[in-house]
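Structural overview for review
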Amino acid sequence: MKQLLDTPFTRRFAVSHPVVLAPMDRISDGRLAAEVSRAGGFGIIGAGYGDPDWIDAAFDAAGDQRVGLGVITWSLLKKPALVDRILDHNPAALFVSFGDAEPIVKAARERGIPTIWQVQRLDQAEQALKAGTDVLVAQGQEGGGHGMDRGLSALLPAVRDAAGKETIVLAAGGLADGRGLAAALMLGADGVMMGTRFWASVEANGSEKAKIALTKAHGDDTARSSVFDVARGLDWPSQFTGRVVQNAFSRPWLEDPAGLSGAAHKIQKTYEAADPDDYSVRALIAGESLDLVKTVQPAARIVENTVREAAALLARAPDFVIG
C-alpha cells in the first residue's frame, strides 16, 4: 500500500504509516510486531515485566523487520542488568511507561536508540521531555490495560503544546480505526498507537476464544480497577489502574474496593484455579474501543484500513470550511 499520510513520525522512523502497535504484554510478540512493521506501520514487542528469554525469542521471531520493544518501567528498574540485554538487540525504539524512566532513557540514548515515553498526565510529559525522550505518547484513560484517569481529547493537545514542535507526539487510548487517527492528527498527534484493535488480529499472541470474546464485548463492559492486579499477585503502583472487560468474578469487588487487600489470598486462589480461557474469571484486557472491533482481521489489513479511512476523512476537511 502506498503512503497516504506524511507526519514527523513517519519521517523520523522511516515508515509509511503513522500507526503504531501498542506493546501489549506478550500479546504483541515478535510475530505481530513484525507484521505491523511489514505493513508499513511501526511494530513494538510487548515485553511487559521483563522475561529475558522471552524477549530474546521475540526478537528472533521478528526476523529482519525493524521493531521496537516496550517495557513496564517500574518493573524493569528492578532488573538493571536486563536493560543492557534489551539494548543489545538494538531495537528500533525503546518504549517505556509507568514510572520514572530517566535512567532507562539515558542508557538508550547512550546507545543511539530512540525512546518513546508514554504519559498519562502533563507533569509526566514534562519529566519525559527533560529526560530527552524522542517521542511522547499521550495515553487517555479510554485505553485498555493500565493507565490513569485523564481523557485523551483534553490530554493530547495539552501534551502537544508542552512538547512544542521538536518532540514527536503519539495518541493512545480508545483508538481503533481511521476516524481515531484523523481526529488524533487534528488534535496535534503525529500518529496513533493502537492496542485493542491489534489484540483482535490474526497474528496476536492469544487464543482464538479470547479474540472472539473481544469482538462480542463492548466498551461499556470495561472498567478501571485494581481487581485483576490483586488476582494476579502484581504489585502495581496504586495510581495506575487497569481497564479490563468486567466479569462475574470482578464485578462484586468493584463495589467493595476497600475489601480487596484483605481478600487477596482468596481472590488469587480462585483466579489461578480458573481455565486460562474462562473469561467469567480471567482478565480480558481491552479498552473502550471494543465497540469498534467487530471482527478478527490480519494485522496488515488493520493498518491499511485505518490509514485509508483517515486519509479519506482528512481529504474531506475543506468541505467544512466556508470561504
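Everything below is about the structure printed above this text.
Figured I'd write up the structure that's included with this text. Counting restarts for each chain: residues are numbered from 1 in the order of the written sequence. Only residues with pLDDT of at least 70 are given local features in this predicted model, and only at 80 or more are side-chain atom pairs given and counted; all residues enter the totals for whole chains, interfaces and linings. Side-chain metrics rest on all non-hydrogen atoms present in the structure, leaving aside hydrogens and water.

Concerning the overall build of the protein chain
Secondary structure follows DSSP: runs of H or I at least 4 residues long count as helices, runs of E at least 2 residues long count as strands, and numbering of each begins at the N terminus. Scanning the protein chain from terminus to terminus reveals 15 helices and 12 strands. By its C-alpha atoms, the protein chain is 60 × 45 × 35 Å across when sized along the principal axes. The buried share of the protein chain, reckoned over its 323 residues, is 55%. Residue-level accessible areas treat just the shown protein chains as cover; the underlying method is Shrake-Rupley with a 1.4 Å probe. Summed over its atoms, the accessible surface of the protein chain is roughly 13800 Å², and 51% of this surface lies on carbon and sulfur atoms. When the 34 positive and 40 negative side-chain charges of the protein chain are each reduced to one mean point, those points stand 2 Å apart. A simple rule labels every residue: compare its accessible area, found with a 1.4 Å probe on the protein chains alone, to the largest value its type can have, and call it buried under 20%, exposed over 50%, or partly exposed in between. Positive charges are assigned to Lys and Arg, negative charges to Asp and Glu, while His and the chain termini are left out of the count. To locate a charge, the coordinates of NZ of Lys, CZ of Arg, CG of Asp or CD of Glu are taken.

A look at the side chain of D29
Inspection of the secondary structure assignment puts D29 in the loop between β1 (19-21) and α2 (30-38). Buried and unpaired, D29 has R31 as its nearest opposite-charge partner, separated by 6.4 Å. Think of a polar contact as two N or O atoms within 3.5 Å of one another; within protein, one of them needs to be a possible hydrogen donor and the other a possible acceptor, and neighboring residues in sequence only count if both atoms come from side chains. Among the polar contacts made by the side chain of D29, one reaches the main-chain amide nitrogen of L32 at a distance of 3.0 Å. Non-local contacts of D29, meaning those with residues more than four positions away in its chain, are made with I45, W54, E203 and N205. For salt bridges, the criterion is a side-chain nitrogen of Lys or Arg within 4 Å of an Asp or Glu carboxyl oxygen. Whether two residues are in contact is decided by their heavy atoms: any pair within 4.5 Å suffices.

Comments concerning helix α6 (residues 102-110)
Here α6 has its buried residues at I104, V105, A107 and A108. The buried residues of α6 all sit within an arc of 160 degrees when viewed along its axis, so they share a single face. Residues K106 and E110 are exposed on α6 and point more than 90 degrees away from its buried face. Buried residues along α6 sit in contact with α4 (73-76), α5 (80-87), β4 (94-97), β5 (115-119) and α7 (122-131). Positioned one or two residues after α6, G112 has a phi angle of 75 degrees, which is positive. By arc we mean the arc of the directions from the helix axis to the C-beta atoms, nothing more.

Focus: unusual backbone geometry
In the Ramachandran plot, N90 falls in the positive-phi region, its phi being about 50 degrees despite a non-glycine side chain. Mapped onto the fold, N90 is located in the loop between α5 and β4. Even without being a glycine, F98 presents a positive backbone phi close to 75 degrees. Within the secondary structure, F98 sits in the loop between β4 and α6. Taking the relative accessible area as the measure of exposure, F98 reaches 9% and is therefore buried.

As for the sheet that holds strand β8 (residues 168-172)
Consider a sheet: its strands pair through backbone hydrogen bonds, and that pairing is either parallel or antiparallel. In this description, strands pair whenever DSSP reports at least two bridges between them. One open sheet accounts for eight strands, arranged β1-β9-β8-β6-β5-β4-β3-β2; its pairing is parallel. Because the sheet does not close on itself, it has two edges, and the strands there are β1 and β2 (43-46). Averaged over all pairs of adjacent strands, the angle between their axes in this sheet comes to 30 degrees, without regard to strand direction. Note on geometry: axes are C-alpha line fits, over the in-contact stretch for helices, and angles between N-to-C directions span 0 to 180 degrees.

Section: the side chain of T73
Within the secondary structure, T73 sits in helix α4. If we skip the residues at most four places from it in the chain, T73 touches V96, S97, F98, G99, D100, A101 and I104.

Some details on the packing of α7 against helix α8 (residues 152-163)
Axes are the key here: two packed helices are described by the angle between their axes and the distance separating the axes. Closest axis-to-axis distance for the α7/α8 pair is 10 Å, and the angle between their directions is 30 degrees. One way to sum up the angle between α7 and α8 is to call them roughly parallel. In this structure, the crossing between α7 and α8 has a hand that is right-handed. Residue-level inspection shows L122, A125 and L129 of α7 in contact with α8, the latter providing L155, A158, V159, A162 and A163. Of the residues belonging to the contact of α7 with α8, the class tally is eight nonpolar, no polar and no charged. If an angle is under 35 degrees, it is roughly parallel; if it is over 145, roughly antiparallel; if it lies from 65 to 115, roughly perpendicular; otherwise it is oblique. Left-handed describes a crossing in which the near helix is turned anticlockwise from the far one by less than a right angle; the clockwise case is right-handed. Basically, the charged four are Asp, Glu, Lys and Arg, the nonpolar ten are Ala, Val, Leu, Ile, Met, Phe, Trp, Tyr, Cys and Pro, and anything else, Gly included, counts as polar.

Re the packing of aromatic side chains
Only the six-membered ring of Trp is used, alongside the rings of Phe and Tyr, when aromatic pairs are assigned; centres must lie within 6.5 Å, and planes under 30 degrees apart are stacked while those over 60 apart are edge-to-face, with the rest tilted. Taken as a whole, this structure holds 12 aromatic pairs when the rule is applied. Each ring, one from Y49 and one from W74, has its centre 6.1 Å from the other, and the planes form 65 degrees; the classification is edge-to-face. Of the two residues, Y49 is situated in the loop between β2 and α3 (52-62) and W74 in helix α4; the sequence distance between them amounts to 25 residues. Under the relative-accessibility criterion, Y49 is labelled partly exposed at 21%. For W74, a relative accessible area of 15% puts it in the buried group. The rings of Y49, W74, F98, W236 and F240 are connected pair by pair, giving a single aromatic cluster. Geometrically, a lysine NZ or arginine CZ counts as sitting over a ring once it is within 6 Å of the ring centre and also within 35 degrees of the ring normal. It is R12 that lies over the ring of F13; its NZ or CZ is 5.1 Å from the centre. The ring of Y271 carries the charged tip of R282 above its face, separated from the ring centre by 4.7 Å.

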